[in-house]
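A structural walkthrough
One letter stands for each residue in the lines below.
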Amino acid sequence: VTITTRLLVSHLSGIRHYEKDITKVKEEKEKVNRALKLTKSHQDKEQKAKEDKGIEKTDCAKQKKEHDGQKKEHDCHTKIRNSKPGRNDKEFEQEEYYLKEKFESVIESLKIFKNDPLFFKPGDQFLYSTYGFTLLSAVVERASGQKFTDYMLKMFRDLDMLSTFLDDNEAMIYNRARCYIYNKKGRLVNAPYVDNSYKWAGGGFLSSVGDLLKFGNALLYSYQAGQFKNRNSKLLPGYLKPGTVAMMWTPVPKTEVSWDRDGKYAMAWAVVEKKQQYGCCRQQRHYASHTGGAVGASSVLLILPEELDPEDLGTWPEAPPRGVIVTIICNMQSVSLNSTALKIAREFDKEKRAQ
């Protein structure tokens, strides 16, 4: 088979994640799909109730009461289910999350999975794989002719991300946060010791909210700079070509996103496309995001580009980046942050539109 870098960044390579048993992976996918169907069914019922509202005042009041009762029951279940982050998270039951071996290079860390069979033919199915990004880092190392970690640290410096480092346990890193998890008894404890040298590319860097905002702004600037072409000769080029970012933020067929049912996976980003089927009804804005989960930590970076009108670009006083960027870093394991980040972004976007 042939595995390309495009397949790696879109998680279509067939390389396994932490779970080695393909049967368990399929069972988990089926559970997720069933849950999504139930959620959609619940939303459809709510929508129908709203459409029927107003037929009769008494019926409307009755529906509201039933809906409120269902909502309270749903909220109650949600609180029970999410009251202790990490307690029921099967993802972090995988042993390879807790590796303590130190690898001197990304090439060396390939030994963890290089002899394991592919779960499917590359390009056929989506399976999120941290090891796919470990292989990708080896490609970068060979193509650049330098260590992957050196290559990345130079890139972070170019982006002015001076508070972004390797999560090296031996290094003294100023203001490094301690991480926490809930144990099986539901008590808050320190996260166990792990060595992330086996997955630098897939979860081995430490950063700050300030640096992640710089990273998001650099991408958004690169994405929008091409739309200002020939209108402002003083505009510096973006770190990446506009077409490169557009490609990275274009949904790839056969992919899926576990943390946002409206989205598809693109190239190392989850993307929701602009969409509205009916007037005065639900509207999807185009945005790109990605969550992060590690032992004792959770994060998200969400980029909501401003919708630019090509006819007005020449009259705009502000150059790119134009939009809202939200990042959250939490030193707690298994905290869902994408929906929170999206709500924050929409509030700021709404405020900006009102001005």
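Described below are features of the structure shown in this document. Everything quoted here is computed from the prediction, not taken from an experiment.

Before going further, it helps to examine a negative patch on the surface. Among the surface-exposed residues, Asp21, Glu27, Glu28, Glu30 and Glu91 lie close enough to one another that they form a single negatively charged patch. Structurally, the position occupied by Glu91 is in the loop between α3 (57-82) and α4 (106-109).

Using the criterion set out here, one finds 11 aromatic pairs in the structure. Summarising the aromatic geometry, the rings of Tyr131 and Tyr198 are spaced 6.4 Å apart at their centres and angled 55° between planes, so their arrangement reads as tilted. Residue Tyr131 is located in helix α5 (residues 130-144), and its partner Tyr198 is located in the loop between β3 (188-190) and α7 (200-203); the two are separated by 67 residues in the primary sequence. Since its relative accessible area comes to 0%, Tyr131 is described here as buried. For Tyr198, a relative accessible area of 0% gives the class buried. Three or more aromatic residues joined by ring pairs form one cluster here, namely Tyr18, Phe92, Tyr97, Tyr98, Phe113, Tyr131 and Tyr198.

This paragraph deals with the pairing of strand β8 (residues 297-305). Across the 9 residues that make up β8, a large majority, 7, are buried. As judged from the 7 bridges shared by strand β7 (residues 287-294) and β8, these two strands associate in the antiparallel manner. By the bridge assignment for β8, His290 is matched with Leu301. As consecutive antiparallel partners, β7 and β8 are separated by 2 residues, and within that stretch Gly296 has a phi angle of approximately 85°, a positive value. Examined bridge by bridge, β8 and strand β9 (residues 323-330) share 8 bridges and lie antiparallel to one another. Its bridge partner lying in β9, Leu301 is registered against Thr327.

The rules behind each value
Residues numbered from 1 in each chain as written. Predicted model: local features only at pLDDT ≥ 70, side-chain atom pairs only at ≥ 80, totals over all residues. Heavy atoms only, no water. Patch = residues over 30% accessible without salt bridge, like charges linked within 9 Å, V, L, I, M, F, W, Y side chains within 5 Å. Areas by Shrake-Rupley, 256 points an atom, 1.4 Å probe, with all protein chains shown as cover. Salt bridge = Lys/Arg side-chain N within 4 Å of Asp/Glu carboxyl O. Lys, Arg positive; Asp, Glu negative; His and termini not counted. Charge placed at Lys NZ, Arg CZ, Asp CG, Glu CD. Helix = DSSP H or I, 4+ residues; strand = E, 2+ residues; numbered from the N terminus. Phe/Tyr/Trp six-rings, centres within 6.5 Å; stacked < 30°, edge-to-face > 60°. Buried < 20%, exposed > 50% of the residue type's maximum accessible area, 1.4 Å probe, protein only. Pairing = 2+ DSSP bridges.

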